[in-house]
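Notes for the structure review
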Amino acid sequence: MYHLIKSLYLHATSKEEYSVLVLGLDGAGKTTFLEQIKAVYNTQHEPNLKTVPTVGQNVSLIDLPDCYLKIWDVGGQHSLRGLWQSYYGSAHAIVFVVDSTDIGDADVNKLNEGKEQEEESRLGECKLVLEDVLQNDETESVPVLVLANKQDREDCVEVVRIKEGLVRKVFEGEQGSNVRDSRVLPMSALTGTGVIEAVEWLCSRVRWNKEGRPPTMR
Ligand SMILES: Nc1nc2c(ncn2[C@@H]2O[C@H](COP(=O)(O)OP(=O)(O)OP(=O)(O)O)[C@@H](O)[C@H]2O)c(=O)[nH]1
Ligand SMILES: [Mg+2]
């Protein structure tokens, strides 16, 4: 009887917690995105929009009506990307932030043949890094949200170009891509436009995938 009451009590008073891993090249806007999420869902938080490059990680627990999201923002500098894989196993969703002003015209067809040159351009670097994330066994079937950030800037590439030129090509090349839930959304982390839509997508997809990656209870 005690155990029954205890489990009923826990069921009534606890919520599911999901981890979201925020990745992307250095300067893409990951920390700014996290700052805006904190400000939207915790009205007492003043967003710090004067970010500095992240060395290590920032983590925040966001209390939503249906669940908690634990958001991990990790540094995107080249030397820090090797650390990303240690987060993959416990991530319920991955956000990949793209700087829409730092990838040329997002046309991967135009990338010159040959790996060396691919890596030299920021578009090539972005493509290889995203491919690397998707190809890791531990991210298999984890929902992936690609955010085309900095859409407030006049020199940005439109979301449709990023979707067709970059993201679709990377996802098409992925083994088992038919089982992965994915989406590309526009955002301006600086102004906050698109932040709520991104969080809502994440919240619905982690719950949809909860048999594949069960949440923890908090
Ligand atoms: N115009 C504009 N600038 C942005 C936007 N998002 C981020 N920035 C700027 O881009 C720069 C880098 O932003 P961060 O959020 O620190 O980038 P990050 O992805 O966390 O970078 P690392 O920590 O080095 O991986 C800062 O100067 C931000 O103000 C945006 O939506 N629009
Ligand atoms: Mg950062």
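No experiment lies behind these values; they were computed from the predicted model shown.

1. Details of the overall build of the protein
Of regular secondary structure, the protein possesses 7 helices and 7 strands. Computed over C-alpha atoms, the radius of gyration of the protein comes to 18 Å, within 12% of the 17 Å expected from 2.2 N^0.38 for 218 residues, which places it in the range of a compact globule. Based on the C-alpha atoms only, the size of the protein along its principal axes is roughly 70 × 40 × 30 Å. Here the protein holds 218 residues, and 38% of them are scored as buried. For the protein, long-range pairs separated by at least 24 residues make up 72% of all intrachain contacts whose partners lie at least 6 apart in sequence.

2. Describing the pairing of strand β2 (residues 57-63)
Bridge analysis of β2 against strand β3 (residues 67-74) gives 7 bridges, and the strand direction is antiparallel. If you follow I62 over to β3, its bridge partner there is L69. Connecting β2 to the antiparallel partner β3 that follows it, the hairpin turn spans 3 residues.

3. Regarding the site of ligand 1
Lining the immediate surroundings of ligand 1 are 22 residues, of which G29, T31, T51, T54 and G76 lie closest. With 3 residues, helix α2 (residues 30-41) is the single largest residue contributor to the shell around ligand 1. Residue composition of the shell around ligand 1, grouped by class: 5 nonpolar, 12 polar and 5 charged.

4. A closer look at unusual backbone geometry
The backbone of A106 sits at a positive phi, close to 60 degrees, despite the residue not being glycine. One can find A106 in the loop between β4 (93-99) and α4 (115-120). A106 gets classed as buried once you count the C-beta atoms within 10 Å, which come to 23.

5. Topic: the environment of S141
Checked against the element boundaries, S141 lands in the loop between α5 (122-135) and β5 (144-149). S141 sits 64 residues away from R205 along the chain, and the two C-alpha atoms are 11 Å apart. For S141, the residues in contact, after removing those within four places along its chain, are V179, R180 and G212.

6. With respect to the packing of α2 against helix α7 (residues 195-208)
Relative placement of two packed helices is described by the angle separating their axes and the distance separating the axes. Between α2 and α7, whose axes approach to 10 Å, the crossing angle comes to 85 degrees. Our classification of the angle between α2 and α7 gives roughly perpendicular. In this structure, α2 contributes F33, Q36, I37 and V40 to the contact, and α7 contributes V195, I196 and V199. Here the contact of α2 with α7 is built from residues that sort into 6 nonpolar, 1 polar and no charged.

7. Examining the environment of G173
Within the secondary structure, G173 is located in the loop between α6 (159-172) and β6 (182-186). Through-space distance from the C-alpha of G173 to that of E131 is 8.5 Å; in sequence the pair is 42 residues apart.

8. Regarding the UniProt feature "binding site: Mg(2+)" (unreviewed entry) in the protein
This chain's UniProt record puts "binding site: Mg(2+)" (unreviewed entry) on T31 and T54. Maximum C-alpha separation among the annotated residues is 7.6 Å over a sequence range of 24 residues, consistent with a single clustered spot. Here T31 shows up in helix α2. Tracing the backbone shows T54 in the loop between α2 and β2. Contacts of T54, omitting those with residues within four sequence positions, involve T31, D73, V74 and G75.

9. A short note on the nonpolar core
Core analysis: the largest hydrophobic core is formed by 54 residues, its most contacted members being V20, V22, A93, I94, V95, F96 and V98. Contributions of two or more residues to this core are made by β1 (16-23), α2, β3, β4, α5, β5, α6 and α7. Discounting chain neighbours no more than four positions away, the residues touching A93 are Y18, V20, V142, P143, L145, L202, R205 and V206.

10. Comments concerning α6
Remark: the principal bend of α6, roughly 30 degrees, maps to L166. Of all the positions in α6, only V159, I162, G165, L166, V167 and V170 are classed as buried. Among the structural elements, β4, α5, β5 and β6 are those in contact with the buried residues of α6.

Definitions and cut-offs
Residues numbered from 1 in each chain as written. Chains lettered and ligands numbered in written order. Predicted model: local features only at pLDDT ≥ 70, side-chain atom pairs only at ≥ 80, totals over all residues. Helix = DSSP H or I, 4+ residues; strand = E, 2+ residues; numbered from the N terminus. Rg over C-alpha atoms; globule rule 2.2 N^0.38 Å. Buried ≥ 20, exposed ≤ 12 C-beta atoms within 10 Å, placed from the backbone. Contact = placed C-beta atoms within 7 Å. Pairing = 2+ DSSP bridges. Near = placed C-beta within 6 Å. Nonpolar A, V, L, I, M, F, W, Y, C, P; charged D, E, K, R; others polar. Axes fitted to C-alpha atoms, helices over the stretch in contact; angles between N-to-C directions. Parallel < 35°, antiparallel > 145°, perpendicular 65-115°, else oblique. UniProt positions renumbered as here; feature names shortened; annotations may be inferred. Core = buried A, V, L, I, M, F, W, Y, C linked by C-beta atoms within 7 Å. Bend = angle between axes of the 7 residues up to and from the residue.

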